[in-house]
Amino acid sequence: MPHRPALAAPRAGWTLVPALSPVSAQSPGAACTCHGAWAAASGGAEERPFRTFPGGGLALPASSLRWERGRGPAEASSPSREWQFLLRQHSGRRLRSPLACSRLKMVPLVAVVSGPRARLFAYLLRLGTQQVGPLQLHTGTSCTAKNHYEVLVLGGGSGGITMAARLKRKVGAENVAIIEPSERHFYQPIWTLVGAGAKQLSSSGRPTASVIPSGIEWIKARVVELNPDKNCIHTDNGKEISYKYLIIALGIQLDYEKIKGLPEGFAHPKIGSNYSVKTVEKTWKALQDFKEGNAIFTFPNTPVKCAGAPQKIMYLSEAYFRKTGKRSKANIIFNTSLGAIFGVKKYADALQEIIQERNLTVNYKQNLIEVRADKQEAVFENLDKPGETQVISYEMLHVTPPMSPPDVLKTSPVADAAGWVDVDKETLQHTRYPNVFGIGDCTNLPTSKTAAAVAAQSGILDRTISLIMKNQIPTKKYDGYTSCPLVTGYNRVILAEFDYKAQPLETFPFDQSKERLSMYLMKADLMPFLYWNLMLRGYWGGPAFLRKLFHLGMS
């Protein structure tokens, strides 16, 4: 056997480079194999495969690296420029923990970026929603799925992925499975900015395979029936899968078809919706094409996810009209089925001031029931006077669709009378089935349905399940924390944070009802980073610890 040197540099002046052939630069998602040659004194070489993944993730075995004496990054024979990947020795300093390095089986790109930590962290923050390379990569396939799992997660959205990552650390990856039919996973809160032209749609999505925790089984199917009395579910491909613990994270269903004329009306211009990946870019197109007339924004007569989003796009549109010199030609109308602009008085008062300052028209108790896209007309019903309707012509229309629990839940034993998963509002444990739990938009938790709420719920549910598994009573209680960054312009946000009682529960030691640039930057760049790199990996349970830190010594 040829001698294999450790990954630590033997002395100053040596450089660690990937011993890859340029031919390996294949299309993303394709598996490819290269040679890892060790520049050892005794000679010899050996092969090790590496794999590229959709979205740009790359994992390299330790044996694909080699040391070169007296060569800098510009002189190295390896295609370091293609892979943007290099480990260098500075001033004769050895790599940290050579033993640990030599034992690595796979070395992800992020793990080998050199340079001071502060500069690396700053660089990652600047990336925002860009993918920085997954630290964990899913390898399972549905064809190897078992028929029983200790923990079964229904749904591969924010709640499902987050809880799978947390439970993996408790019971082992081989004992956890996620059922999710979608090939792509989206960070939907950023769609508000996509619809206003401030972000690219491509920045919001990644392959589902890249966000499912490594080793966890991904069952690529749709749930069609839940049978909690027998501890099993059925999928659309005819499989029955049983479980010991079930986590329901199926999200919320968009019901565009409940509005007459939709969704077919989206084939016409001048109409869009930030709530669907298929229609969010149509909002931006309608905004750009606006010439003169009514710009209408709607809020339906149902629970919705991110209840602030319907008015965020209104404020952004008004800012865009001002920026492009069209404001004087635009009559901006917000027709909402609600009786108030926002459910928390502190933030509602701040929003009312903005509405008055910017001359926006708000009509309450108005519900969109029909869209005549060929005529550019919207029909609204007066909820205070059922049957009374009003037809308004539009030059631009943004539709927030009616929403409901997923159909599979509506008739399920786990649902309440309205079809939502019936859970204890403090522990997230099901009220009738002790081994069933719910998280996120599909539950009947009396709080706003947001990604921030899911983050806070994940920490509580993690504690709840841990104690249930030990036959103990859950003690950690969810206070209903949720957050809504109310985007009021292209560089301003009011950060609303509140609890079950609709009382402000603010993180920062300043008045968050004020429009701030710092809060916009957090919404646009920091929050996506936290989502992809911490929350989906089970390491972000909301800002409660920061709130305690920032408010130390304050009454």
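Look up: the structure comes first, before these words.
Here's a quick rundown of the structure.

Reading the values: rules and limits
- Residues numbered from 1 in each chain as written.
- Predicted model: local features only at pLDDT ≥ 70, side-chain atom pairs only at ≥ 80, totals over all residues.
- Heavy atoms only, no water.
- Phe/Tyr/Trp six-rings, centres within 6.5 Å; stacked < 30°, edge-to-face > 60°.
- Helix = DSSP H or I, 4+ residues; strand = E, 2+ residues; numbered from the N terminus.
- Buried < 20%, exposed > 50% of the residue type's maximum accessible area, 1.4 Å probe, protein only.
- Lys NZ or Arg CZ within 6 Å of the ring centre and 35° of its normal.
- Expected span 1.5 Å × (residues − 1).
- Pairing = 2+ DSSP bridges.
- Patch = residues over 30% accessible without salt bridge, like charges linked within 9 Å, V, L, I, M, F, W, Y side chains within 5 Å.
- Areas by Shrake-Rupley, 256 points an atom, 1.4 Å probe, with all protein chains shown as cover.
- Salt bridge = Lys/Arg side-chain N within 4 Å of Asp/Glu carboxyl O.
- 1 Å grid on protein atoms, 1.4 Å probe; cavity = no way out; pocket = protein on both sides within 12 Å on 5 of 7 lines; lining within 4 Å.
- Points joined across faces, edges and corners; volume = space filled by probe spheres on them.
- Nonpolar A, V, L, I, M, F, W, Y, C, P; charged D, E, K, R; others polar.
- Contact = heavy atoms within 4.5 Å.

The next point concerns the packing of aromatic side chains. Following the criterion strictly, the structure yields 13 aromatic pairs and no others. For the ring pair Trp 284 and Tyr 320, a centre distance of 5.4 Å and an interplane angle of 75° mean the geometry is edge-to-face. Of this pair, Trp 284 sits in helix H7 (residues 280-289) while Tyr 320 sits in helix H8 (residues 309-323); the two residues are 36 residues apart in sequence, bridging distant segments of the chain. Taking the centre distance of 5.3 Å and the plane angle of 80° together, the rings of Tyr 531 and Trp 532 count as edge-to-face. When its relative accessible area of 4% is taken as the criterion, Tyr 531 is described as buried. The buried category is assigned to Trp 532, whose relative accessible area is 3%. Counting every residue linked through ring pairs, the aromatic cluster contains Trp 284, Phe 290, Tyr 320 and Phe 321. Between Lys 449 and the ring centre of Trp 420, over which it is positioned, the NZ or CZ distance is 4.3 Å.

Another aspect to go through is helix H11 (residues 451-469). The terminal C-alpha atoms of H11, which comprises 19 residues, lie 26 Å apart, in line with the 27 Å expected from a rise of 1.5 Å per residue. Immediately beyond the C-terminal end of H11, within one or two residues, lies Asn 471, with a positive phi of roughly 60°.

So, about the pairing of strand S22 (residues 377-382). The sheet contact formed by strand S21 (residues 366-372) and S22 spans six bridges and is antiparallel. Residue Val 371 lies in a different strand from S22, and its bridge partner there is Ala 378. Taking the residues that link successive antiparallel strands as the turn, the S21-S22 hairpin has four residues, and the phi of Gln 376 there is positive, at about 55°. Here five bridges tie S22 to strand S23 (residues 389-393), and the two strands are oriented antiparallel to one another.

It is worth spelling out a nonpolar patch on the surface at this point. A surface patch of nonpolar side chains, amounting to about 310 Å² of accessible area, comprises Leu 549, Phe 550 and Leu 552. Among the structural elements, Leu 552 can be located in the segment after helix H13 (544-550).

On to empty space enclosed by the protein. Inspection of the entire model under this criterion finds two cavities of 30 Å³ or more. Volume-wise, the second largest cavity comes out at about 50 Å³. Together, Gly 440, Asp 441, Thr 443, Leu 445, Thr 447, Ser 448, Lys 449, Thr 450, Ala 453, Val 454 and Gln 457 line the second largest cavity. Broken down by class, the residue content of the lining of the second largest cavity amounts to three nonpolar, six polar and two charged.

The next point concerns the sheet that holds strand S24 (residues 396-398). Taking strand neighbours across the sheet as the criterion, the five strands line up as S17-S24-S18-S19-S20 in an open arrangement whose pairing is parallel. With partners counted over all chains shown, the strands left at the sheet margins are strand S17 (271-272) and strand S20 (361-363), one partner each. With two bridges connecting them, S17 and S24 associate as parallel partners. Bridging from a neighbouring strand, Gly 272 pairs with His 398 of S24.

This part covers the environment of Lys 329. Along the chain, Lys 329 turns up in the loop between H8 and strand S19 (330-336). By relative accessible area, Lys 329 is classed as partly exposed at 45%. Here the alpha-carbon distance between Lys 329 and Phe 290, two residues 39 residues apart in the chain, equals 9.5 Å. In contact with Lys 329, not counting residues within four places along its chain, are Phe 290, Lys 291, Glu 292 and Gly 293.

The subject of this paragraph is the pattern of salt bridges. Applying the stated criterion to the full structure yields 18 salt bridges. Among the salt bridges present, the one from Lys 410 reaches Asp 407, with a minimum N-O distance of 3.1 Å. With Lys 410 and Asp 407 both in helix H10 (residues 407-410), this residue pair falls three residues apart, about one helical turn. Salt bridges linked by common partners bring Arg 166, Lys 170 and Asp 462 together as one network.

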